[in-house]
Amino acid sequence: MNQQNRNKIGIFGGTHEGRLLAEFCQDNDIDFAVSVATAYGEQLLEDTAIFRDNRQTGRMNAQEMAHWIRQEQITDVVDATHPFAQAVSLEIRSACTITQVNYLRLLREASNTEAFPLSWTSSFKEAAAQLRHELLQHPEKKALLTVGSKEIACFAAEKTLLPRIFVRVLPSIEAIKACQEAGFRGKQIIAMQGPFSSELNKALIHTIQASYLVTKESGKAGGFEEKIKAAHECGCKVIAVQRPEEPEKGQSLEEIKQWLTGKKHTAIHRKNTVKHQREFVLLGIGTGNTGQITWDGIQALIRADALLGAARMVESTKTICRQLSAGEKNRLFHLDFHLERKQECITYQKEEMLSWLADHPEIMYPVILFSGDTGFYSGAKGIDELLKARFPSASLRRLPGISSLSYFAAKIGRPWEKAEVISLHGREETLDWSFSDKKERFFLLDGEERLYQICQSLLKNGRENATLWAGENLSYPTEKITCGTPEKLLNLPFGKLLVAWVSPGEIKDRE
(Lines give C-alpha, C1' and ligand atoms only; values in the text may rest on other atoms or scores of the structure.)
Protein backbone atom coordinates (compact mmCIF):
# COMPACT_ATOMS: atom_id res chain seq x y z
CA MET A 1 0.00 0.00 0.00
CA ASN A 2 1.47 3.38 -0.90
CA GLN A 3 1.83 6.40 1.35
CA GLN A 4 -1.15 8.24 -0.13
CA ASN A 5 -3.57 5.44 0.78
CA ARG A 6 -2.19 4.98 4.28
CA ASN A 7 -3.75 6.64 7.31
CA LYS A 8 -2.47 6.69 10.86
CA ILE A 9 -3.72 8.48 13.98
CA GLY A 10 -1.38 10.26 16.38
CA ILE A 11 -2.90 10.76 19.86
CA PHE A 12 -1.41 13.37 22.19
CA GLY A 13 -2.30 13.13 25.87
CA GLY A 14 -2.31 10.67 28.75
CA THR A 15 -5.81 11.82 29.73
CA HIS A 16 -8.79 9.55 30.33
CA GLU A 17 -10.20 10.40 26.91
CA GLY A 18 -6.84 9.78 25.27
CA ARG A 19 -6.66 6.30 26.78
CA LEU A 20 -10.23 5.53 25.70
CA LEU A 21 -9.45 6.68 22.17
CA ALA A 22 -6.30 4.52 22.07
CA GLU A 23 -8.33 1.50 23.21
CA PHE A 24 -10.93 2.24 20.53
CA CYS A 25 -8.23 2.34 17.84
CA GLN A 26 -6.73 -0.89 19.06
CA ASP A 27 -10.09 -2.67 19.24
CA ASN A 28 -11.05 -1.49 15.74
CA ASP A 29 -7.78 -2.30 13.99
CA ILE A 30 -6.99 1.39 13.40
CA ASP A 31 -3.32 2.23 13.00
CA PHE A 32 -2.26 4.64 15.75
CA ALA A 33 0.53 5.91 18.00
CA VAL A 34 0.29 7.67 21.37
CA SER A 35 2.45 10.41 22.89
CA VAL A 36 2.35 11.07 26.64
CA ALA A 37 4.32 13.70 28.54
CA THR A 38 5.28 11.72 31.64
CA ALA A 39 6.34 8.26 32.76
CA TYR A 40 3.20 8.22 34.89
CA GLY A 41 1.09 8.70 31.77
CA GLU A 42 2.97 5.82 30.16
CA GLN A 43 2.24 3.64 33.19
CA LEU A 44 -1.48 4.34 32.80
CA LEU A 45 -1.28 3.30 29.15
CA GLU A 46 0.28 0.01 30.18
CA ASP A 47 -2.90 -0.75 32.07
CA THR A 48 -4.75 -0.63 28.73
CA ALA A 49 -2.38 -3.19 27.18
CA ILE A 50 -1.27 -0.80 24.44
CA PHE A 51 1.92 -2.07 22.81
CA ARG A 52 5.18 -0.38 23.75
CA ASP A 53 6.19 0.42 20.16
CA ASN A 54 2.99 2.43 19.71
CA ARG A 55 3.84 5.08 22.26
CA GLN A 56 6.31 7.86 22.94
CA THR A 57 7.05 9.25 26.40
CA GLY A 58 8.46 12.66 27.26
CA ARG A 59 7.62 16.33 26.95
CA MET A 60 8.16 17.71 23.46
CA ASN A 61 8.06 21.09 21.78
CA ALA A 62 6.63 21.72 18.31
CA GLN A 63 9.83 20.78 16.49
CA GLU A 64 10.19 17.50 18.37
CA MET A 65 6.51 16.72 17.90
CA ALA A 66 6.89 17.34 14.17
CA HIS A 67 9.82 14.91 14.10
CA TRP A 68 7.74 12.26 15.89
CA ILE A 69 4.80 12.81 13.51
CA ARG A 70 7.05 12.34 10.47
CA GLN A 71 8.84 9.37 12.03
CA GLU A 72 5.58 7.58 12.79
CA GLN A 73 4.09 8.42 9.36
CA ILE A 74 1.08 10.03 11.07
CA THR A 75 -1.60 11.55 8.84
CA ASP A 76 -4.09 12.82 11.45
CA VAL A 77 -3.44 14.16 14.96
CA VAL A 78 -5.93 14.12 17.83
CA ASP A 79 -5.11 16.53 20.63
CA ALA A 80 -6.52 14.80 23.71
CA THR A 81 -4.49 16.79 26.23
CA HIS A 82 -5.99 18.31 29.37
CA PRO A 83 -8.32 21.33 28.88
CA PHE A 84 -5.90 23.46 30.92
CA ALA A 85 -2.79 22.40 28.95
CA GLN A 86 -3.04 25.34 26.56
CA ALA A 87 0.71 25.66 26.00
CA VAL A 88 0.93 22.01 24.97
CA SER A 89 -2.01 22.37 22.57
CA LEU A 90 -0.29 25.38 21.00
CA GLU A 91 2.83 23.29 20.37
CA ILE A 92 0.71 20.47 18.89
CA ARG A 93 -1.04 22.85 16.49
CA SER A 94 2.33 24.29 15.46
CA ALA A 95 3.67 20.78 14.83
CA CYS A 96 0.66 20.01 12.65
CA THR A 97 1.28 23.21 10.70
CA ILE A 98 4.92 22.24 10.20
CA THR A 99 4.08 18.73 9.00
CA GLN A 100 0.83 19.74 7.25
CA VAL A 101 -1.22 16.99 8.88
CA ASN A 102 -4.86 17.17 9.98
CA TYR A 103 -5.47 18.48 13.54
CA LEU A 104 -8.50 17.55 15.67
CA ARG A 105 -9.15 18.80 19.19
CA LEU A 106 -10.86 16.30 21.50
CA LEU A 107 -12.96 18.36 23.91
CA ARG A 108 -13.77 17.04 27.36
CA GLU A 109 -17.46 16.95 28.20
CA ALA A 110 -18.47 19.70 30.62
CA SER A 111 -20.09 19.01 34.00
CA ASN A 112 -23.51 20.19 35.07
CA THR A 113 -22.89 22.33 38.17
CA GLU A 114 -25.73 24.84 37.90
CA ALA A 115 -27.34 23.48 41.09
CA PHE A 116 -24.29 24.27 43.22
CA PRO A 117 -23.01 27.69 44.35
CA LEU A 118 -19.47 28.35 43.09
CA SER A 119 -17.03 31.22 43.35
CA TRP A 120 -15.64 31.35 39.81
CA THR A 121 -12.21 32.77 38.97
CA SER A 122 -10.54 33.25 35.60
CA SER A 123 -7.03 32.17 36.61
CA PHE A 124 -5.08 30.23 39.22
CA LYS A 125 -3.51 33.45 40.48
CA GLU A 126 -6.95 34.90 41.04
CA ALA A 127 -8.04 31.75 42.87
CA ALA A 128 -4.89 31.87 45.02
CA ALA A 129 -5.54 35.50 45.92
CA GLN A 130 -9.12 34.71 46.91
CA LEU A 131 -8.06 31.75 49.05
CA ARG A 132 -5.36 33.83 50.72
CA HIS A 133 -7.95 36.47 51.61
CA GLU A 134 -10.32 33.85 53.08
CA LEU A 135 -7.62 32.15 55.16
CA LEU A 136 -6.32 35.44 56.51
CA GLN A 137 -9.87 36.40 57.51
CA HIS A 138 -10.48 33.01 59.17
CA PRO A 139 -7.30 31.78 60.95
CA GLU A 140 -9.00 28.57 62.11
CA LYS A 141 -10.03 27.30 58.67
CA LYS A 142 -8.27 24.94 56.27
CA ALA A 143 -8.29 24.36 52.51
CA LEU A 144 -7.97 21.48 50.06
CA LEU A 145 -6.36 22.11 46.66
CA THR A 146 -7.18 19.87 43.69
CA VAL A 147 -5.68 22.06 40.97
CA GLY A 148 -2.80 19.85 39.87
CA SER A 149 0.87 20.00 40.78
CA LYS A 150 1.81 22.49 38.06
CA GLU A 151 -0.30 25.25 39.59
CA ILE A 152 0.31 24.89 43.34
CA ALA A 153 3.28 27.25 43.55
CA CYS A 154 1.09 30.36 43.38
CA PHE A 155 -0.92 29.06 46.38
CA ALA A 156 2.24 28.78 48.49
CA ALA A 157 3.35 32.40 48.28
CA GLU A 158 2.09 33.19 51.80
CA LYS A 159 4.25 30.82 53.86
CA THR A 160 2.38 31.43 57.11
CA LEU A 161 -0.73 29.87 55.55
CA LEU A 162 0.95 26.68 54.30
CA PRO A 163 0.21 24.54 57.40
CA ARG A 164 -3.52 25.01 56.75
CA ILE A 165 -3.44 23.98 53.08
CA PHE A 166 -3.62 20.38 51.83
CA VAL A 167 -3.00 19.33 48.23
CA ARG A 168 -4.27 16.34 46.28
CA VAL A 169 -2.11 15.42 43.29
CA LEU A 170 -1.32 12.45 41.09
CA PRO A 171 0.88 9.76 42.68
CA SER A 172 3.90 10.57 40.52
CA ILE A 173 7.43 11.52 41.57
CA GLU A 174 7.16 14.66 39.49
CA ALA A 175 3.96 15.83 41.22
CA ILE A 176 5.17 15.07 44.73
CA LYS A 177 8.47 16.86 44.05
CA ALA A 178 6.56 19.96 42.86
CA CYS A 179 4.57 19.95 46.12
CA GLN A 180 7.71 19.66 48.23
CA GLU A 181 9.46 22.42 46.31
CA ALA A 182 6.45 24.68 46.94
CA GLY A 183 6.79 24.06 50.69
CA PHE A 184 4.17 21.37 51.37
CA ARG A 185 5.22 18.51 53.63
CA GLY A 186 4.15 15.08 54.85
CA LYS A 187 0.44 14.69 55.53
CA GLN A 188 -0.34 17.84 53.52
CA ILE A 189 0.41 15.93 50.30
CA ILE A 190 -2.29 13.44 49.26
CA ALA A 191 -1.13 11.49 46.20
CA MET A 192 -4.02 9.61 44.57
CA GLN A 193 -5.20 8.74 41.10
CA GLY A 194 -8.75 9.93 40.28
CA PRO A 195 -11.39 10.59 39.32
CA PHE A 196 -13.08 10.06 42.70
CA SER A 197 -16.63 9.42 43.78
CA SER A 198 -18.58 12.00 45.78
CA GLU A 199 -18.34 9.73 48.81
CA LEU A 200 -14.55 9.56 48.67
CA ASN A 201 -14.34 13.33 48.17
CA LYS A 202 -16.62 13.85 51.20
CA ALA A 203 -14.50 11.53 53.33
CA LEU A 204 -11.36 13.44 52.41
CA ILE A 205 -12.94 16.84 53.11
CA HIS A 206 -14.17 15.60 56.51
CA THR A 207 -10.80 14.09 57.38
CA ILE A 208 -8.96 17.31 56.59
CA GLN A 209 -11.78 19.43 58.04
CA ALA A 210 -11.50 21.66 54.99
CA SER A 211 -13.67 24.76 54.79
CA TYR A 212 -12.50 25.61 51.27
CA LEU A 213 -12.07 23.52 48.15
CA VAL A 214 -10.03 25.06 45.33
CA THR A 215 -10.36 23.20 42.06
CA LYS A 216 -10.51 23.68 38.31
CA GLU A 217 -13.29 23.04 35.80
CA SER A 218 -11.89 19.74 34.60
CA GLY A 219 -15.18 18.37 33.21
CA LYS A 220 -16.87 15.02 33.67
CA ALA A 221 -13.76 12.95 33.02
CA GLY A 222 -11.91 14.94 35.66
CA GLY A 223 -14.54 14.28 38.32
CA PHE A 224 -15.44 17.97 38.63
CA GLU A 225 -19.12 17.36 39.37
CA GLU A 226 -18.33 14.80 42.10
CA LYS A 227 -15.99 17.27 43.82
CA ILE A 228 -18.53 20.10 43.72
CA LYS A 229 -21.34 17.90 45.01
CA ALA A 230 -19.21 16.59 47.89
CA ALA A 231 -18.11 20.08 48.87
CA HIS A 232 -21.72 21.32 48.85
CA GLU A 233 -22.87 18.48 51.10
CA CYS A 234 -19.99 19.17 53.50
CA GLY A 235 -20.69 22.90 53.64
CA CYS A 236 -17.34 23.59 52.04
CA LYS A 237 -16.96 26.76 49.94
CA VAL A 238 -15.74 26.11 46.39
CA ILE A 239 -13.31 28.38 44.55
CA ALA A 240 -13.21 27.17 40.94
CA VAL A 241 -10.99 28.16 38.02
CA GLN A 242 -12.90 28.40 34.75
CA ARG A 243 -11.79 26.27 31.83
CA PRO A 244 -9.80 28.30 29.25
CA GLU A 245 -11.57 29.06 25.99
CA GLU A 246 -10.50 26.86 23.10
CA PRO A 247 -9.11 28.77 20.09
CA GLU A 248 -11.08 26.58 17.70
CA LYS A 249 -14.04 24.25 17.57
CA GLY A 250 -13.40 20.75 18.84
CA GLN A 251 -15.15 17.38 18.86
CA SER A 252 -16.34 15.05 21.57
CA LEU A 253 -14.86 11.59 22.04
CA GLU A 254 -17.88 10.00 20.37
CA GLU A 255 -17.70 12.39 17.42
CA ILE A 256 -14.03 11.54 16.85
CA LYS A 257 -14.79 7.82 17.10
CA GLN A 258 -17.48 8.22 14.43
CA TRP A 259 -15.09 10.20 12.26
CA LEU A 260 -12.44 7.49 12.59
CA THR A 261 -14.92 4.78 11.67
CA GLY A 262 -16.00 6.71 8.60
CA LYS A 263 -12.44 7.49 7.54
CA LYS A 264 -11.56 3.78 7.71
CA HIS A 265 -7.99 4.11 8.96
CA THR A 266 -6.26 0.82 8.30
CA ALA A 267 -3.59 -0.84 10.42
CA ILE A 268 -0.33 -1.35 8.53
CA HIS A 269 2.67 -3.31 9.66
CA ARG A 270 5.90 -1.43 10.32
CA LYS A 271 7.63 -3.01 7.32
CA ASN A 272 5.38 -1.06 4.96
CA THR A 273 6.53 2.36 6.17
CA VAL A 274 7.89 4.64 3.46
CA LYS A 275 10.99 6.75 3.90
CA HIS A 276 10.34 10.49 3.78
CA GLN A 277 11.40 12.36 0.68
CA ARG A 278 14.22 14.84 0.98
CA GLU A 279 13.02 18.42 0.51
CA PHE A 280 15.15 21.44 -0.36
CA VAL A 281 13.90 24.96 0.28
CA LEU A 282 15.34 28.05 -1.43
CA LEU A 283 14.36 30.83 0.94
CA GLY A 284 14.45 34.56 0.34
CA ILE A 285 14.83 36.19 3.75
CA GLY A 286 14.11 39.72 2.61
CA THR A 287 16.39 42.60 3.46
CA GLY A 288 17.32 41.15 6.84
CA ASN A 289 14.75 42.24 9.44
CA THR A 290 12.18 39.94 11.12
CA GLY A 291 9.31 41.54 9.24
CA GLN A 292 10.77 40.72 5.83
CA ILE A 293 10.30 36.97 5.98
CA THR A 294 7.01 35.33 5.03
CA TRP A 295 5.00 32.97 7.22
CA ASP A 296 5.87 30.13 4.82
CA GLY A 297 9.50 31.04 5.36
CA ILE A 298 9.10 30.91 9.14
CA GLN A 299 7.54 27.45 8.89
CA ALA A 300 10.44 26.31 6.71
CA LEU A 301 12.92 27.55 9.32
CA ILE A 302 11.08 25.73 12.13
CA ARG A 303 11.20 22.51 10.16
CA ALA A 304 14.78 22.91 8.87
CA ASP A 305 17.55 20.61 10.08
CA ALA A 306 20.27 22.65 8.31
CA LEU A 307 20.89 26.24 7.16
CA LEU A 308 23.09 26.95 4.15
CA GLY A 309 24.28 30.32 2.88
CA ALA A 310 26.72 33.18 3.25
CA ALA A 311 27.73 34.03 6.82
CA ARG A 312 25.62 37.21 6.84
CA MET A 313 22.56 35.29 5.61
CA VAL A 314 22.90 32.53 8.22
CA GLU A 315 23.55 34.95 11.07
CA SER A 316 20.68 37.21 9.98
CA THR A 317 18.33 34.22 9.88
CA LYS A 318 19.46 33.03 13.32
CA THR A 319 18.77 36.51 14.69
CA ILE A 320 15.27 36.39 13.18
CA CYS A 321 14.68 32.98 14.78
CA ARG A 322 15.83 34.21 18.19
CA GLN A 323 13.55 37.23 17.99
CA LEU A 324 10.54 35.11 17.07
CA SER A 325 11.32 32.46 19.70
CA ALA A 326 11.34 35.18 22.36
CA GLY A 327 8.05 36.70 21.21
CA GLU A 328 6.14 36.09 24.46
CA LYS A 329 3.82 39.06 23.88
CA ASN A 330 2.53 37.51 20.69
CA ARG A 331 1.49 33.88 21.11
CA LEU A 332 1.47 33.38 17.34
CA PHE A 333 5.25 33.87 17.20
CA HIS A 334 6.14 32.18 20.50
CA LEU A 335 7.93 29.35 18.71
CA ASP A 336 11.04 27.30 19.42
CA PHE A 337 13.34 27.05 16.38
CA HIS A 338 15.98 24.86 18.12
CA LEU A 339 18.94 26.56 16.50
CA GLU A 340 21.37 24.35 18.40
CA ARG A 341 20.02 21.31 16.52
CA LYS A 342 20.38 22.80 13.05
CA GLN A 343 23.60 22.17 11.18
CA GLU A 344 25.23 24.98 9.20
CA CYS A 345 27.10 25.26 5.93
CA ILE A 346 28.64 28.72 5.61
CA THR A 347 29.27 29.44 1.94
CA TYR A 348 27.79 31.37 -0.96
CA GLN A 349 29.31 29.01 -3.58
CA LYS A 350 26.65 26.76 -5.13
CA GLU A 351 28.99 23.84 -5.76
CA GLU A 352 30.19 23.90 -2.16
CA MET A 353 26.57 23.77 -0.98
CA LEU A 354 25.83 20.79 -3.23
CA SER A 355 28.95 18.94 -2.09
CA TRP A 356 28.04 19.54 1.56
CA LEU A 357 24.51 18.23 1.00
CA ALA A 358 25.89 15.16 -0.75
CA ASP A 359 28.18 14.52 2.24
CA HIS A 360 25.27 14.84 4.69
CA PRO A 361 22.53 12.47 3.49
CA GLU A 362 20.96 12.55 6.98
CA ILE A 363 19.89 16.16 6.33
CA MET A 364 16.31 15.87 5.12
CA TYR A 365 15.01 19.46 5.24
CA PRO A 366 17.83 21.88 4.39
CA VAL A 367 17.03 25.55 3.82
CA ILE A 368 19.31 27.48 1.46
CA LEU A 369 19.27 31.17 2.28
CA PHE A 370 19.32 34.16 -0.04
CA SER A 371 18.92 37.85 0.63
CA GLY A 372 15.91 39.70 -0.70
CA ASP A 373 13.63 37.81 -3.04
CA THR A 374 14.71 34.56 -4.74
CA GLY A 375 13.57 35.91 -8.12
CA PHE A 376 15.15 39.38 -7.98
CA TYR A 377 18.89 39.52 -8.79
CA SER A 378 19.27 36.61 -6.42
CA GLY A 379 22.03 34.08 -5.86
CA ALA A 380 19.28 31.48 -6.20
CA LYS A 381 19.49 31.79 -9.98
CA GLY A 382 20.52 28.49 -11.54
CA ILE A 383 20.70 26.49 -8.33
CA ASP A 384 17.38 24.77 -9.08
CA GLU A 385 18.85 22.91 -12.04
CA LEU A 386 21.98 21.99 -10.12
CA LEU A 387 19.98 20.54 -7.22
CA LYS A 388 17.67 18.58 -9.52
CA ALA A 389 20.62 17.14 -11.41
CA ARG A 390 22.50 16.13 -8.25
CA PHE A 391 19.48 14.98 -6.21
CA PRO A 392 16.80 13.85 -8.70
CA SER A 393 14.57 12.16 -6.08
CA ALA A 394 14.37 15.24 -3.83
CA SER A 395 11.59 17.82 -3.96
CA LEU A 396 12.30 21.53 -4.27
CA ARG A 397 10.46 24.63 -3.07
CA ARG A 398 11.32 28.26 -3.76
CA LEU A 399 9.93 30.74 -1.20
CA PRO A 400 10.00 34.48 -1.94
CA GLY A 401 11.13 37.23 0.40
CA ILE A 402 10.71 41.00 0.40
CA SER A 403 13.02 42.46 -2.24
CA SER A 404 15.06 45.60 -1.65
CA LEU A 405 13.12 47.20 -4.52
CA SER A 406 9.66 46.76 -3.00
CA TYR A 407 10.93 47.58 0.51
CA PHE A 408 12.74 50.77 -0.53
CA ALA A 409 9.95 51.98 -2.83
CA ALA A 410 7.51 51.64 0.07
CA LYS A 411 9.88 53.46 2.40
CA ILE A 412 10.22 56.51 0.13
CA GLY A 413 6.63 56.38 -1.08
CA ARG A 414 7.34 55.85 -4.80
CA PRO A 415 5.37 53.48 -7.10
CA TRP A 416 7.72 51.06 -8.80
CA GLU A 417 5.63 49.35 -11.45
CA LYS A 418 7.09 51.61 -14.18
CA ALA A 419 10.54 52.22 -12.70
CA GLU A 420 13.57 50.84 -14.49
CA VAL A 421 15.59 48.42 -12.36
CA ILE A 422 19.36 48.50 -12.83
CA SER A 423 22.05 46.49 -11.08
CA LEU A 424 25.48 48.08 -10.74
CA HIS A 425 26.47 45.39 -8.26
CA GLY A 426 29.72 44.10 -9.71
CA ARG A 427 28.87 45.09 -13.28
CA GLU A 428 28.95 48.02 -15.68
CA GLU A 429 25.95 49.44 -17.53
CA THR A 430 25.72 51.92 -20.39
CA LEU A 431 22.94 54.31 -19.39
CA ASP A 432 21.21 57.39 -20.70
CA TRP A 433 22.00 59.83 -17.89
CA SER A 434 19.98 62.57 -19.57
CA PHE A 435 16.87 60.62 -18.54
CA SER A 436 15.21 61.54 -21.84
CA ASP A 437 12.55 58.87 -21.21
CA LYS A 438 11.77 60.59 -17.88
CA LYS A 439 11.58 57.20 -16.15
CA GLU A 440 12.55 56.84 -12.53
CA ARG A 441 15.30 54.32 -11.84
CA PHE A 442 16.17 51.98 -8.97
CA PHE A 443 19.83 50.97 -8.57
CA LEU A 444 21.40 48.03 -6.78
CA LEU A 445 24.89 49.17 -5.72
CA ASP A 446 28.03 47.56 -4.36
CA GLY A 447 29.31 50.53 -2.34
CA GLU A 448 29.41 54.29 -2.01
CA GLU A 449 31.66 54.75 -5.07
CA ARG A 450 28.81 53.60 -7.28
CA LEU A 451 26.54 56.20 -5.72
CA TYR A 452 29.11 58.93 -6.31
CA GLN A 453 29.38 57.82 -9.97
CA ILE A 454 25.61 58.23 -10.33
CA CYS A 455 25.75 61.71 -8.80
CA GLN A 456 28.62 62.77 -11.09
CA SER A 457 26.88 61.39 -14.20
CA LEU A 458 23.70 63.27 -13.37
CA LEU A 459 25.60 66.54 -12.88
CA LYS A 460 27.50 66.08 -16.14
CA ASN A 461 24.22 65.56 -18.03
CA GLY A 462 22.41 68.60 -16.68
CA ARG A 463 20.36 66.80 -14.09
CA GLU A 464 21.51 68.85 -11.10
CA ASN A 465 17.88 69.17 -9.93
CA ALA A 466 17.26 65.44 -9.98
CA THR A 467 16.11 63.86 -6.72
CA LEU A 468 18.07 60.97 -5.26
CA TRP A 469 17.29 58.67 -2.37
CA ALA A 470 20.09 56.56 -0.93
CA GLY A 471 19.21 53.65 1.35
CA GLU A 472 21.77 52.11 3.70
CA ASN A 473 21.43 48.86 5.70
CA LEU A 474 17.76 48.49 4.81
CA SER A 475 15.57 47.03 7.59
CA TYR A 476 18.48 46.78 10.04
CA PRO A 477 18.65 48.93 13.20
CA THR A 478 21.28 51.06 11.42
CA GLU A 479 18.99 51.75 8.47
CA LYS A 480 19.41 55.24 7.04
CA ILE A 481 17.65 56.90 4.10
CA THR A 482 19.06 60.12 2.68
CA CYS A 483 17.26 62.31 0.13
CA GLY A 484 18.66 65.22 -1.85
CA THR A 485 20.26 66.52 -5.02
CA PRO A 486 23.23 64.86 -6.74
CA GLU A 487 25.51 67.57 -5.37
CA LYS A 488 24.30 67.06 -1.81
CA LEU A 489 24.75 63.28 -1.84
CA LEU A 490 28.13 63.58 -3.56
CA ASN A 491 29.50 65.25 -0.44
CA LEU A 492 28.12 62.80 2.14
CA PRO A 493 29.66 59.57 3.49
CA PHE A 494 27.83 56.25 2.92
CA GLY A 495 28.30 52.60 3.77
CA LYS A 496 28.62 49.48 1.62
CA LEU A 497 25.07 48.07 1.74
CA LEU A 498 23.44 50.59 -0.56
CA VAL A 499 20.55 51.04 -2.96
CA ALA A 500 19.53 54.23 -4.74
CA TRP A 501 16.47 55.71 -6.39
CA VAL A 502 16.63 58.49 -8.96
CA SER A 503 13.82 60.73 -10.13
CA PRO A 504 14.94 62.97 -13.03
CA GLY A 505 12.98 65.94 -11.73
CA GLU A 506 12.76 67.85 -8.50
CA ILE A 507 10.47 66.45 -5.77
CA LYS A 508 8.96 69.18 -3.63
CA ASP A 509 9.22 67.34 -0.32
CA ARG A 510 12.67 65.85 -0.90
CA GLU A 511 14.28 67.83 1.93
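Before going into details, it helps to say that this report is about the structure given with it. (Residues numbered from 1 in each chain as written. Predicted model: local features only at pLDDT ≥ 70, side-chain atom pairs only at ≥ 80, totals over all residues. Heavy atoms only, no water.)

**A word on the overall build of the protein chain**
Here is step 1 of the chain: Each helix and strand in the protein chain was counted, giving 16 helices and 21 strands.
Here is step 2 of the chain: Sorting the 511 residues of the protein chain into buried and exposed places 51% on the buried side.
Here is step 3 of the chain: In the protein chain, the proportion of contacts linking residues at least 24 apart, taken out of those at least 6 apart, comes to 71%. (Helix = DSSP H or I, 4+ residues; strand = E, 2+ residues; numbered from the N terminus. Buried < 20%, exposed > 50% of the residue type's maximum accessible area, 1.4 Å probe, protein only. Contact = heavy atoms within 4.5 Å.)

**Focus on the nonpolar core**
Here is step 1 of the chain: Membership of the largest hydrophobic core comes to 34 residues, with the highest contact counts inside it found for Val77, Leu283, Leu301, Val367 and Leu369.
Here is step 2 of the chain: Among the secondary structure elements, those contributing two or more residues to this core are helix 3 (62-71), helix 4 (86-99), strand 12 (279-284), helix 10 (295-303), helix 11 (311-325) and strand 15 (366-370).
Here is step 3 of the chain: Apart from residues lying up to four places away in sequence, Val367 is in contact with Val281, Leu283, Ala300, Leu301, Ala304, Ala306, Leu307 and Leu308.
Here is step 4 of the chain: If you look at the next biggest cluster of nonpolar residues, it comprises 26 residues, including Ala127, Leu135, Leu145 and Val167. (Core = buried A, V, L, I, M, F, W, Y, C linked by side-chain atoms within 4.5 Å.)

**Notes on the sheet that holds strand 21 (residues 498-503)**
Here is step 1 of the chain: Pairing is mixed across the open sheet formed by 5 strands, whose spatial order is 17-18-21-19-20. Strand pairing shows two members of the sheet lacking a second neighbour, strand 17 (420-423) and strand 20 (480-484), which therefore form its edges. Each adjacent strand pair in this sheet contributes to an overall mean axis angle of 15 degrees, direction not counted.
Here is step 2 of the chain: Here 4 bridges tie strand 18 (residues 441-444) to strand 21, and the two strands are oriented antiparallel to one another. Within the sheet, the bridge partner assigned to Leu444 lies in strand 21 and is Val499. (Pairing = 2+ DSSP bridges. Axes fitted to C-alpha atoms, helices over the stretch in contact; angles between N-to-C directions.)

**Points about the environment of Thr482**
Here is step 1 of the chain: Structurally, Thr482 is set in strand 20.
Here is step 2 of the chain: As a C-alpha pair, Thr482 and Ile412 span 70 residues in sequence and 9.9 Å in three-dimensional space.
Here is step 3 of the chain: When sequence neighbours within four positions are dropped, the list of residues in contact with Thr482 reads Leu468, Trp469, Ala470, Leu489, Leu492 and Phe494.

**Considerations on helix 6 (residues 173-182)**
Here is step 1 of the chain: Of the positions making up helix 6, those classed as buried are Ala175, Cys179 and Ala182. Looking straight down helix 6, one finds its buried side chains confined to an arc of 65 degrees; they lie on one side. The exposed residues of helix 6 that point more than 90 degrees off its buried face are Ile173 and Glu181.
Here is step 2 of the chain: Summarising the contacts, the buried residues of helix 6 are in contact with strand 8 (165-169) and strand 9 (189-191).
Here is step 3 of the chain: Count one or two residues on from helix 6 and you reach Gly183, which has phi positive near 115 degrees. (Arc of directions from axis to C-beta.)

**Considering the environment of Ala310**
Here is step 1 of the chain: Mapping Ala310 onto the fold places it in the loop between strand 13 (306-309) and helix 11.
Here is step 2 of the chain: The sequence separation of Ala310 and Ile346 amounts to 36 residues, and the corresponding C-alpha distance is 5.4 Å.
Here is step 3 of the chain: Ala310 has contacts with Ile346, Thr347 and Tyr348, leaving out every residue within four places of it along the chain.

**Notes on the pattern of salt bridges**
Here is step 1 of the chain: Summed over the entire model, instances satisfying the criterion amount to 18 salt bridges.
Here is step 2 of the chain: Here Asp79 ties to Arg105 by a salt bridge, and the two come within 3.3 Å at their closest N and O atoms. A residue pair is termed long-range when its members are at least 10 positions apart, and Asp79 in strand 4 (residues 76-79) and Arg105 in strand 5 (residues 102-105) qualify at 26 residues. In this structure, Asp79 and Arg105 share a single accessibility class: buried.
Here is step 3 of the chain: Its salt-bridge partner being Glu233, residue Lys202 comes within 2.9 Å of it at the nearest N-O pair. Residue Lys202 is located in helix 7 (residues 198-208), and its partner Glu233 is located in helix 8 (residues 224-233); the two are separated by 31 residues in the primary sequence.
Here is step 4 of the chain: In this structure Lys202 comes out as partly exposed when scored by relative accessible area, which is 25%.
Here is step 5 of the chain: Look at Glu233 and you get partly exposed, because its relative accessible area is 43%. (Salt bridge = Lys/Arg side-chain N within 4 Å of Asp/Glu carboxyl O.)

**Comments concerning the sheet that holds strand 9**
Here is step 1 of the chain: If you trace the 6 strands from one edge of the open sheet to the other, you get 6-11-10-7-8-9, paired in parallel fashion. Only two strands of the sheet have a single partner each, and these edge strands are strand 6 (119-121) and strand 9. On average, adjacent strands in this sheet sit at an angle of 20 degrees to one another, irrespective of strand direction.
Here is step 2 of the chain: Note: strand 7 (residues 142-146) against strand 10 (residues 210-216), 5 bridges, orientation parallel. In the sheet register, Lys142 faces strand 10, and the bridge partner there is Ala210.
Here is step 3 of the chain: Across the sheet, helix 6 is in contact with strand 8 and strand 9; its angle to strand 9 comes to roughly 170 degrees.
Here is step 4 of the chain: The strands that helix 8 touches are strand 6, strand 7, strand 8, strand 10 and strand 11 (237-241); relative to strand 10, the one it contacts most, it runs at about 160 degrees.

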